[in-house]
Amino acid sequence: MWAYTVGFTVLPHVGGFLGWFINRKEIPVWYEKLKKPSWSPSRKIFPVAWTVLYTGMGYASYLIWNDLGGCSSKATVPLGLYGAQLALNWAWPFFFGARNLKMALIDILCLDCLAIGTICSWYRINKIAALLLVPYLGWLAMATCLTIRIWKDNPEQKTGKSE
């Protein structure tokens, strides 16, 4: 059973790593030039925060999967919501890396809704699993506010790459 625990816990890191790998050279240079609010976290905080958050999310998804008896019909909605929000989570760096702030903003707003839906659906199944997502929701709130501010404060960047 430990293989399932490890697999579910590691899974969220896969997309996060892929997004970082693809954007690792482009985003640091471009991101530093953007107008950002004074409360914007240092770029160095992001990998630490996401490692902790992805680990909690992954383990929480294992708890839900385990409590619902694996891939049963009861797991369709709770794990479907989780999978959908995880897909949007993984997509955000690609929009941001492509300098498409409008799509990054749309993505994160949809992600917020799905993350809230995931927590609500999980709370009835396993309160600990739902609570493990609360720090993620807090980070998403900050990231959403940051994305909105970057989008508003950098109008020349709103439509995608500019030369």
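Everything here concerns the structure above.
A brief report on the enclosed structure follows. Quantities reported herein were computed from a predicted structural model and do not represent experimental measurements.

**What to know about the nonpolar core**
The biggest cluster of nonpolar side chains holds 40 residues, and the ones touching the most others in it are Tyr-31, Trp-50, Phe-96, Trp-122 and Tyr-136. Put simply, the parts of the chain that give this core at least two residues each are helix H2 (26-33), helix H3 (45-67), helix H4 (76-97), helix H5 (101-123), helix H6 (127-132) and helix H7 (134-153). When residues of this core are assigned to their parent elements, the largest contribution, 11 residues, is made by H3. Residue contacts for Trp-122: discarding those within four places in its chain leaves Met-57, Ala-60, Ser-61, Ile-64, Pro-78, Leu-79, Tyr-82, Lys-127, Ala-129, Ala-130 and Leu-133.

**Here we look at the packing of helix H1 (residues 2-23) against H4**
It is at 9 Å that the axes of H1 and H4 come closest, and there the two elements cross at 10 degrees. Our classification of the angle between H1 and H4 gives roughly parallel. Residues Leu-11, Pro-12, Gly-15, Gly-16, Leu-18, Gly-19, Ile-22 and Asn-23 of H1 touch H4, and the partners they reach there are Tyr-82, Leu-86, Trp-90, Pro-93, Phe-94 and Gly-97. Across the contact of H1 with H4, the residue classes tally to 9 nonpolar, 5 polar and no charged.

**Remarks on H5**
Helix length check: H5 (23 residues) gives 33 Å between terminal C-alpha atoms against 33 Å at 1.5 Å per residue, within 8%. Listed in full, the buried residues belonging to H5 are Leu-101, Ala-104, Leu-105, Asp-107, Ile-108, Leu-111, Asp-112, Ala-115, Thr-118, Ile-119, Ser-121 and Trp-122. Elements in contact with the buried residues of H5: H2, H3, H4, H6 and H7.

Basis of the calculations
Residues numbered from 1 in each chain as written. Predicted model: local features only at pLDDT ≥ 70, side-chain atom pairs only at ≥ 80, totals over all residues. Heavy atoms only, no water. Core = buried A, V, L, I, M, F, W, Y, C linked by side-chain atoms within 4.5 Å. Buried < 20%, exposed > 50% of the residue type's maximum accessible area, 1.4 Å probe, protein only. Helix = DSSP H or I, 4+ residues; strand = E, 2+ residues; numbered from the N terminus. Contact = heavy atoms within 4.5 Å. Axes fitted to C-alpha atoms, helices over the stretch in contact; angles between N-to-C directions. Parallel < 35°, antiparallel > 145°, perpendicular 65-115°, else oblique. Nonpolar A, V, L, I, M, F, W, Y, C, P; charged D, E, K, R; others polar. Expected span 1.5 Å × (residues − 1).

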